[in-house]
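# Per-entry structural report
Single-letter residue listing:
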Amino acid sequence: MSHIMPDPGFDTPDEFDLLMADVPVLTPFQTLFNEAEELLHETRPLGFNVEEIGRLAFDDLPEAEKAAAMDELFYTYWSARELERETLARYEAKAGESRG
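Given the structure is predicted, the values throughout are model-derived calculations rather than measurements.

Attention now goes to the overall build of the protein chain. From N to C terminus, the protein chain includes four helices and zero strands. Going from the N terminus to the C terminus, the protein chain shows its helices and strands as α-α-α-α. Burial status across the protein chain gives 12% buried among its 100 residues. In the protein chain, once contacts between residues fewer than 6 apart in sequence are set aside, the share between residues at least 24 apart is 41%. When the accessible surface of the protein chain is totalled, it reaches about 8800 Å², and 60% of it is carbon and sulfur.

Written as structure tokens, this is what we have:
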């Protein structure tokens, strides 16, 4: 195949692509967050703050991954805030409908 003309089968998913399509891909931060949460559950069964999980995970990240993790945290915060606004708007709309 020529470098000018791409392989026509490249965009066609193969069996592996189809199997992996539903498998979630974890970021380095998500992986370390999960590990930190497990560690805290084991070492502090009486409880801990969610911030402790995040700080442990963030501190363990390689420096090259920290900017992407911050972007992920900002996006996650924004997503949660938007979801909260949408949920509140639906709740208020339903309350308005019931008052008639």
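Here the narrative resumes.
Counting nine residues, the largest nonpolar core is built from Phe29, Leu32, Ala36, Leu40, Ile53, Ala57, Phe58, Leu61 and Ala69. Elements represented by at least two residues in this core include exactly α2 (28–43) and α3 (50–60). In contact with Ala69, not counting residues within four places along its chain, are Phe29, Phe58 and Leu61.

Moving on: α2. With 16 residues, α2 should reach 22 Å at 1.5 Å per residue; the first-to-last C-alpha distance of 22 Å fits that figure. When α2 is considered as a whole, its buried residues turn out to be Phe29, Leu32, Ala36 and Leu40. Angularly, the buried residues of α2 cover 75 degrees about the axis, an arc narrow enough to put them on a single face. Of the surrounding elements, those touching the buried residues of α2 are α3 and α4 (63–99).

Here the focus is a nonpolar patch on the surface. Together, Phe16, Leu19, Met20 and Val23 make up a nonpolar patch on the protein surface, roughly 410 Å² of accessible area in all. Summarising the element assignment, Val23 is placed in the loop between α1 (15–20) and α2. By relative accessible area, Val23 is classed as partly exposed at 39%.

Another aspect to go through is a negative patch on the surface. A surface patch of like charges, here negative, comprises Glu35, Glu37, Glu38, Glu42, Asp59 and Asp60. Taken together, the elements giving at least two residues each to the negative patch come down to α2 and α3. With respect to the secondary-structure elements, Asp60 resides in helix α3. Owing to a relative accessible area of 56%, Asp60 belongs among the exposed residues under this scheme.

Moving on to α4. Along its 37 residues, α4 runs 55 Å from first to last C-alpha, staying within 8% of the 54 Å computed at 1.5 Å per residue. Within α4, burial applies to Lys66, Ala69 and Glu72. Turning to α4, the residues buried within the fold contact α2 and α3.

Calculation notes
Residues numbered from 1 in each chain as written. Predicted model: local features only at pLDDT ≥ 70, side-chain atom pairs only at ≥ 80, totals over all residues. Heavy atoms only, no water. Helix = DSSP H or I, 4+ residues; strand = E, 2+ residues; numbered from the N terminus. Buried < 20%, exposed > 50% of the residue type's maximum accessible area, 1.4 Å probe, protein only. Contact = heavy atoms within 4.5 Å. Areas by Shrake-Rupley, 256 points an atom, 1.4 Å probe, with all protein chains shown as cover. Core = buried A, V, L, I, M, F, W, Y, C linked by side-chain atoms within 4.5 Å. Expected span 1.5 Å × (residues − 1). Arc of directions from axis to C-beta. Patch = residues over 30% accessible without salt bridge, like charges linked within 9 Å, V, L, I, M, F, W, Y side chains within 5 Å. Salt bridge = Lys/Arg side-chain N within 4 Å of Asp/Glu carboxyl O. Lys, Arg positive; Asp, Glu negative; His and termini not counted. Charge placed at Lys NZ, Arg CZ, Asp CG, Glu CD.

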